[in-house]
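Survey of secondary and tertiary structure
The primary structure of each chain is shown beneath.
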Amino acid sequence: MGTKIKMMSAAVLTSGMLLSGAATASGASAEALGITCAGCHGFNGSSTGPATPHLAGASQEYVVEMMQGYKDGSIASTIMGRIAKGYSDEQFALMGEFFAKQKLTKPKQEFDAKLAKKGAKLHDKYCEKCHAEGGTSAEDDSGILAAQWVPYLKYSFADFHGDGRQMPKKMKKKMKKLNAKEGDAGIEALLNFYAEAK
Amino acid sequence: MSKITRRNFLKVSGASMAVASAAAYTPFAIGGAAKKVVVVGGGMGGATAAKYIRLMDPKVEVTLIEPKKTYHTGFMSNEVISGDRKLESIEFSYDGLKKHGVTVVTDLVSAIDPDKRVVTTKDGKSFPYDRCIVSPGVSYKWDAYEGYDESIVDKIPHAWDGGPQTATLRDQLAAMKDGGVVVIVPPPNPFRCPPGPYERASQIAMYLKANKPKSKIIIMDQKEKFSKQGLFTQGWKRHYGYETDNSMIEWLSSTTGGKISAVNKADMTVEGEMDTVKGDIINVIPPQKAGAIAHTVGLTNDKGWCPVEGKTFESTIHKNIHVIGDAAIASPLPKSGYAASSEAKVTAAAVVALLGGGEAPHPTYVNTCYSVIAHGHGISVAMVYDYKDGKIVKVEGSGGLSPMDQTDEMRAREEQYAHSWFNNITNDTFG
């Protein structure tokens, strides 16, 4: 499944680049598509919260995969499934292109310093390999976790643990270990670590 | 395709026509002088357009003229009425726009001369423009019901623009005795914020249930059905005993006793076609039409709304004037804050392109709209729109309502997303 998505996204990427060059002739541009999201996801993709996630700085492929998942229902959502059905893969790629270029304005969130410290260690051990640089990096096309809105992260954890969203293989393994060793307190610590990010 | 409209003609004749239209649309190409845009109205449409034009082309001089010093949103004002939110939290200043280089003028536009391209104000100032964006919101048909006019809003507030009347309605509710009756009279279509009256009933019910549980809300509707009706009805059954003997909310459709003909301020009654209903609080939301300036300038059709071209929102009546937001006929886009913002961004891109002598880019539009029925119970409607064959169209298969069989967890998330929507759209507009 992972490879299938990768291949699909590669095709989308190419067509996306072609399209953005000639956007005015054939359809809405990356910017035109990207700025329609601001009402929920914040100006240029930096959300002012309390729950809607940031999109600024996400990798293009991450945006495409999420939107495809919402569209085909493999990722649970409240409203995104309905919205994603309004766009093509090419348009997802254009949105991804727009948000990948934006710089995230990190919000202030409440956190417990002690828990955040513990969360930092747990992140290093269980998450850092894919969500690099303390969860700030969009490389590897993983979601940016640092400074992401905590309610959204909680929803995502709940969906991953229920039947709302499938974990990639590596994540499943790591998560199993984390859950066995640390339980809910481990997740809580991670959330405090991500909330601390400035 | 037999009729050759201006738009079709533009499409088929392509490049040669584009040159001609550029010439027609930008007459005073004053040798390199900065292009001037005047925005009339500082609500969601006007403020967003002003900001985004500056972002898209900082060389364009943008002046926004608005009579009020601050703006109160209509959306989320129902949470002020229920006491969940302070009035200040829905108030926004224009300082953010100034930081983007928008010149903000506190004044009332009294006239626009479409031939000379000049906006004039009550204070007697003149503002020449290359293109003008009119975003006047709605005005009210004060003659719709006998005994009802603007002079009674202190006692019978409509509270349909966020602001002082929102506070009046909130204060009336706080002062009302337990066992009181609140009468809400939603307007006929079309009007600003179609789910708004029903979210208002929900928010008032939430307050009453917790504080004055013997009280009732009677909705006397001027319509047969309303926005998100299935979801509201479901929520009312769940939280407010709807359709039981103990229901806190009673909804009367226009043909089952809702239709009203008169409002009596002295004895606080609403005269329906079947019964005269007495209220401790009466909230008449009057029938609506485009904002006043649109009528003064002659931008409206015989129904009182402004016809526009869907790709640019340029008036089909007066060239070089664009009309956006609630006043515009942008159907199938609804009269909502999000739609106004989306229209403003499309218009900003079109205006910047046209001022530069180019063609308006291909537009894309979105609407999302949340209502909060009770704590932990949010619902939404969304839609994606495209521009095809000269018209704004819904993208097939997209959008729609929150599902009826949504879990509690998802309803709770929708409330959180509703509040996020509020924070983000206001920051996108005024920040």
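This report concerns the structure included in the present document. Counting restarts for each chain, with residues numbered from 1 along the sequence as it is written. The order in which chains are written sets their letters, starting at A; the order in which ligands are written sets their numbers, starting at 1. Under the rules for a predicted model, residues below a pLDDT of 70 receive no local features and side-chain atom pairs below 80 are neither given nor counted, while totals for whole chains, interfaces and linings still include all residues. Derived side-chain values reflect all non-hydrogen atoms in the structure, with water molecules and hydrogen atoms excluded from consideration.

Numbering goes from the N terminus for both helices and strands, where a helix is a DSSP run of H or I of at least four residues and a strand is a run of E of at least two. Counting secondary structure elements, chain A contains 11 helices and zero strands. The secondary structure elements of chain A, listed N-terminal to C-terminal, are α-α-α-α-α-α-α-α-α-α-α. Any pair of residues with heavy atoms lying within 4.5 Å of one another is described as a contacting pair. By sequence separation, contacts in chain A at least 24 residues apart represent 70% of the contacts at least 6 residues apart. All accessible-area figures derive from a Shrake-Rupley calculation using a 1.4 Å probe, and residue coverage is judged against the displayed protein chains alone. Carbon and sulfur atoms provide 58% of the accessible area of chain A, an area that totals close to 9,800 Å².

Next up on the list: the pairing of strand β23 (residues 377-388) of chain B. Residue and element names in this part refer to chain B. Only protein chains enter the accessibility calculation, which uses a 1.4 Å probe. A residue is then buried if its area is under 20% of the maximum for its type, exposed if over 50%, and partly exposed in between. The buried count for β23 comes to 10 of 12 residues, which makes it a mostly enclosed element. Only strands that DSSP links by at least two bridges are regarded as paired with each other. From the end of strand β22 (residues 365-374) to the start of β23, which pair antiparallel, there are two residues, and Gly 376 there has a positive phi angle of about 80 degrees. Here β23 runs beside strand β25 (residues 400-401); their pairing, made up of two bridges, is antiparallel. Pairing of Ala 382 across the sheet is with Gly 400, part of β25. In this structure, β23 lies alongside strand β24 (residues 391-394), joined through four bridges in antiparallel fashion. Residue pairing in the sheet places Lys 388 in a bridge with Lys 391 of β24. The antiparallel hairpin formed by β23 and β24 contains two residues in its connecting segment, where Asp 389 sits at a positive phi of about 50 degrees.

With that settled, the discussion passes to the nonpolar core. Throughout, nonpolar core names a set of buried Ala, Val, Leu, Ile, Met, Phe, Trp, Tyr and Cys residues whose side chains join them through atoms within 4.5 Å. By size, the foremost hydrophobic cluster in this structure holds 137 residues, and its most contacted members are B:Ile112, B:Val119, B:Ile217 and B:Trp236. Looking at which element gives the most residues to this core, the answer is helix α9 (residues 337-355) of chain B, with nine residues. Leaving out residues up to four positions away in the same chain, B:Ile217 has contacts with B:Val182, B:Ile184, B:Ala201, B:Ile204, B:Ala205, B:Leu208, B:Met248, B:Ile249 and B:Glu250. Ranked by size, the runner-up nonpolar core spans 18 residues in total, among them A:Leu145, A:Ile187, A:Ala189 and A:Leu190.

Where charged atoms from two side chains of opposite charge approach closely, those side chains can pair. We define a salt bridge as a side-chain nitrogen of Lys or Arg found within 4 Å of a carboxyl oxygen belonging to Asp or Glu. All told, the structure shown has 18 salt bridges over all chains when counted by the stated rule. Between A:Glu97 and A:Lys101 there is a salt bridge, and its shortest N-O distance comes to 3.7 Å. B:Arg413 is the partner of B:Glu409 in a salt bridge, and the nearest nitrogen-oxygen pair spans 2.7 Å. Highlighted residues: B:Glu409 and B:Arg413, both in helix α10 (residues 408-430), separated by four residues, approximately one helical turn. Judged by relative accessible area, which is 40%, B:Glu409 ranks as partly exposed. Judged by relative accessible area, B:Arg413 falls into the buried class, the value being 5%. Several salt bridges converge on common partners, so that one network encompasses A:Asp159, B:Glu409 and B:Arg413.

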